[in-house]
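Take a look at the letters that make up each chain.
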Amino acid sequence: MSASSIPESGFLRLWQIVGCKRRNIEPIIPVSRSSWYSGCKPGKYPPPVQLGPRTTAWRADDIRKLIAEITPTAAP
């Protein structure tokens, strides 16, 4: 999944965000799983949403905003 293929609404699982070698999924945000969870605690990355007892996801809107924040823009 690439940044351009993030759905307009809905949720993304962690493997969709940081990638998964086993599933041959390229990362949107190239960090490790542990770095992602460590970044969620202080607010560097968006907070997770519990969809069920063993299902954690992140809002697609939050991931889109994060990408907009960390993507460098060209200077005029």
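Note: the structure precedes this text.
Computed from a predicted structure; not experimentally measured.

Calculation notes
- Residues numbered from 1 in each chain as written.
- Predicted model: local features only at pLDDT ≥ 70, side-chain atom pairs only at ≥ 80, totals over all residues.
- Heavy atoms only, no water.
- Helix = DSSP H or I, 4+ residues; strand = E, 2+ residues; numbered from the N terminus.
- Buried < 20%, exposed > 50% of the residue type's maximum accessible area, 1.4 Å probe, protein only.
- Polar contact = N/O pair within 3.5 Å; in protein donor to acceptor, adjacent residues only side chain to side chain.
- Contact = heavy atoms within 4.5 Å.
- Phe/Tyr/Trp six-rings, centres within 6.5 Å; stacked < 30°, edge-to-face > 60°.
- Lys NZ or Arg CZ within 6 Å of the ring centre and 35° of its normal.
- Pairing = 2+ DSSP bridges.

Asker: It is not clear to me how the side chain of T56 should be interpreted in this structure. Could you clarify?
Answerer: As for its placement among the helices and strands, T56 is situated in strand β3 (residues 55–59). The exposure class assigned to T56 is buried, which follows from its relative accessible area of 19%. Separated by 2.8 Å, the side chains of T56 and Q50 make a polar contact. Not counting chain neighbours up to four residues away, the residues in contact with T56 comprise R13, P48, V49 and Q50.

Asker: Before we go on, may I ask you to explain the packing of aromatic side chains in this structure?
Answerer: Per the counting criterion, the structure on display carries three aromatic pairs. An angle of 80° between the planes, with centres 5.9 Å apart, marks the rings of W36 and W58 as edge-to-face. Of this pair, W36 sits in helix α2 (residues 33–40) while W58 sits in strand β3, and the two are 22 residues apart along the sequence. As far as the burial class goes, W36 and W58 line up, both buried. Among the aromatic residues, those joined into a ring-pair cluster are W36, Y37, Y45 and W58. In this arrangement the basic side chain of R23 is found over the ring face of W15, its NZ or CZ atom lying 4.1 Å from the centre.

Asker: Explain unusual backbone geometry here, please?
Answerer: Trans is the prevailing form of peptide bonds, just as negative phi is the prevailing case for residues other than glycine. At N24, a residue that is not glycine, the phi angle is positive and equals roughly 60°. Counting through the fold element by element, N24 comes out in the loop between α1 (14–18) and α2.

Asker: Got a minute to help me understand the pairing of strand β2 (residues 49–52) in this structure?
Answerer: Regular strands place their side chains on alternate faces of the sheet. In this sheet, β3 lies alongside β2 in antiparallel orientation, the contact comprising three bridges. Looking across to β3, one finds that G52 is bridged to T55. In textbook terms, the turn of a hairpin is the stretch between consecutive antiparallel strands, and for β2 and β3 this stretch comprises two residues.

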